[in-house]
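Listed below are the residues making up each chain.
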Amino acid sequence: MKRFLPVLAVLFLLACSAQTEKVYTVDELAADDALLTRIIGECRNNPGELGNSPNCRNAEAADGKLRLERMRKSLGG
């Protein structure tokens, strides 16, 4: 009985916790323009709260990667 209440409390807290957002990789974001645009828009709209989140950092990295690729192609490389 001593262990039942703490276990029950932990399960209750886990059930009530907010769902975590899926963290996308840089390659996943670079492959999906719509998703990349949506995440960058959300991050730039609320940089104080979301600016340092994994999805925002990965979206900025994917955006930079795509910009470099487009630059390289435009220069003939």
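Now for a look at the structure at hand.

Observations concerning helix 3 (residues 33–45)
Part 1 of the reasoning: With 13 residues, helix 3 ought to run about 18 Å at 1.5 Å a step, and its terminal C-alpha atoms sit 18 Å apart, in line with that.
Part 2 of the reasoning: Looking at helix 3, one finds that the buried residues are Leu35, Leu36, Ile39, Ile40 and Cys43. For helix 3, the angular spread of the buried residues around the axis is 125°, confining them to a single face. Exposed side of helix 3, more than 90 degrees from the buried face: Asp33, Ala34, Thr37, Arg44 and Asn45 are the residues found there.
Part 3 of the reasoning: Buried residues belonging to helix 3 abut helix 2 (26–31), helix 4 (47–50) and helix 5 (54–74).
Part 4 of the reasoning: For helix 3, the capping residue at the N-terminal end is aspartate 32, with a side-chain oxygen 3.4 Å from the backbone nitrogen of alanine 34.

A look at the state of the cysteines
Part 1 of the reasoning: Scanning the model with the defined rule gives one disulfide in all.
Part 2 of the reasoning: Across the disulfide, cysteine 43 is cross-linked to cysteine 56 (sulfur-sulfur distance 1.8 Å). Disulfide cysteine 43 to cysteine 56: torsion about the S-S bond roughly -90°, handedness left-handed. Taken together, the residues cysteine 43 in helix 3 and cysteine 56 in helix 5 connect sequence positions 13 residues apart.

Examining the pattern of salt bridges
Side chains that differ in charge, positive against negative, can pair when their charged atoms come close.
Part 1 of the reasoning: Going through the model one piece at a time under the given rule, you end up with six salt bridges.
Part 2 of the reasoning: Note that lysine 22 and glutamate 28 form a salt bridge whose closest N and O atoms lie 3.6 Å from each other.
Part 3 of the reasoning: On the basis of relative accessibility, which here comes to 35%, the residue glutamate 28 falls in the partly exposed class.
Part 4 of the reasoning: A salt bridge links arginine 67 to aspartate 63; the nearest nitrogen and oxygen atoms lie 3.0 Å apart. Of this pair, arginine 67 and aspartate 63 are both found in helix 5, four residues apart, which corresponds to roughly one turn of the helix.

Section: helix 5
Part 1 of the reasoning: Relative to the 30 Å expected for 21 residues at 1.5 Å per residue, helix 5 spans 30 Å between its end C-alpha atoms, a close match to the ideal helical length.
Part 2 of the reasoning: Where helix 5 is concerned, the buried positions are Asn55, Cys56, Asn58, Ala59, Ala62, Asp63 and Leu66. Down the axis of helix 5, the buried side of the element spans an arc of 160°, and every buried residue falls inside it.
Part 3 of the reasoning: Packed against the buried residues of helix 5 are helix 2, helix 3 and helix 4.
Part 4 of the reasoning: Trailing helix 5 by a residue or two, glycine 76 shows a phi angle of about 90°, which is positive.

Concerning the environment of serine 74
Part 1 of the reasoning: For serine 74, the position within the fold is in helix 5.
Part 2 of the reasoning: Among the polar contacts listed, one links the side chain of serine 74 to the backbone oxygen of methionine 71, at a separation of 2.9 Å.

Parameters and conventions
- Residues numbered from 1 in each chain as written.
- Predicted model: local features only at pLDDT ≥ 70, side-chain atom pairs only at ≥ 80, totals over all residues.
- Heavy atoms only, no water.
- Helix = DSSP H or I, 4+ residues; strand = E, 2+ residues; numbered from the N terminus.
- Expected span 1.5 Å × (residues − 1).
- Buried < 20%, exposed > 50% of the residue type's maximum accessible area, 1.4 Å probe, protein only.
- Arc of directions from axis to C-beta.
- Contact = heavy atoms within 4.5 Å.
- Polar contact = N/O pair within 3.5 Å; in protein donor to acceptor, adjacent residues only side chain to side chain.
- Disulfide = S-S within 2.5 Å.
- Salt bridge = Lys/Arg side-chain N within 4 Å of Asp/Glu carboxyl O.

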